[in-house]
Amino acid sequence: TSDYRLKENIETITDGKNKIMAMKPSTFNFIEDTNKTKMHGFIAQEMQEIVPEAVSDGNTMSMDYGRITPVIVAALQDALKEIEELKERIKTLEAK
């Protein structure tokens, strides 16, 4: 659930950009797929170090891709803020 009334210790994600840059999106196929169909995704063992809450460890490791969405949004917000700041700097420099 997303209801704030059920949560505590709420903190804004401040390292989204660093986490995104550490992720290694990959293409691969599954060993047992006889068609060798290429897929896009992540390697759970690598992602466990970056976003551990997105990885579950059973007989084989798996990922809940939805749990990386907040990290992606935080990184995008950082990037958009930086773009706006750079646009303002360019505007100021061009006005001189």
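Predicted model, so just to flag it, every value in this text is computed and none were measured. (Residues numbered from 1 in each chain as written. Predicted model: local features only at pLDDT ≥ 70, side-chain atom pairs only at ≥ 80, totals over all residues. Heavy atoms only, no water.)

1. So, the packing of aromatic side chains
Moving on, step 1. The tally for this structure, following the rule as stated, stands at 2 aromatic pairs.
Moving on, step 2. Consider the rings of Phe28 and Phe30, whose centres lie 5.6 Å apart with planes at 80°: the pair is edge-to-face.
Moving on, step 3. For Phe28, a relative accessible area of 19% translates into the label buried. (Phe/Tyr/Trp six-rings, centres within 6.5 Å; stacked < 30°, edge-to-face > 60°. Buried < 20%, exposed > 50% of the residue type's maximum accessible area, 1.4 Å probe, protein only.)

2. Side note on the nonpolar core
Moving on, step 1. One finds Met23, Phe42, Ala44, Met47, Ile50, Val51, Ala54, Val55, Met63, Ile68 and Val71 forming the largest nonpolar core, which totals 11 residues.
Moving on, step 2. With 3 residues, the single largest contributor to this core is helix H2 (residues 44–50).
Moving on, step 3. The residues touching Ala44, leaving out its near neighbours within four places in the chain, are Val55, Met61, Ser62 and Met63. (Core = buried A, V, L, I, M, F, W, Y, C linked by side-chain atoms within 4.5 Å. Helix = DSSP H or I, 4+ residues; strand = E, 2+ residues; numbered from the N terminus. Contact = heavy atoms within 4.5 Å.)

3. A short note on the environment of Asp64
Moving on, step 1. Note on placement: Asp64 falls in the loop between strand E4 (61–63) and helix H3 (69–95).
Moving on, step 2. Classification of Asp64 by relative accessible area gives partly exposed; the value is 38%.
Moving on, step 3. The spacing of Asp64 and Ala44 is 20 residues in sequence and 9.7 Å in space, taken between C-alpha atoms.
Moving on, step 4. Engagement of the side chain of Asp64 in a polar contact is seen with the backbone nitrogen of Gly66, the distance being 3.1 Å. (Polar contact = N/O pair within 3.5 Å; in protein donor to acceptor, adjacent residues only side chain to side chain.)

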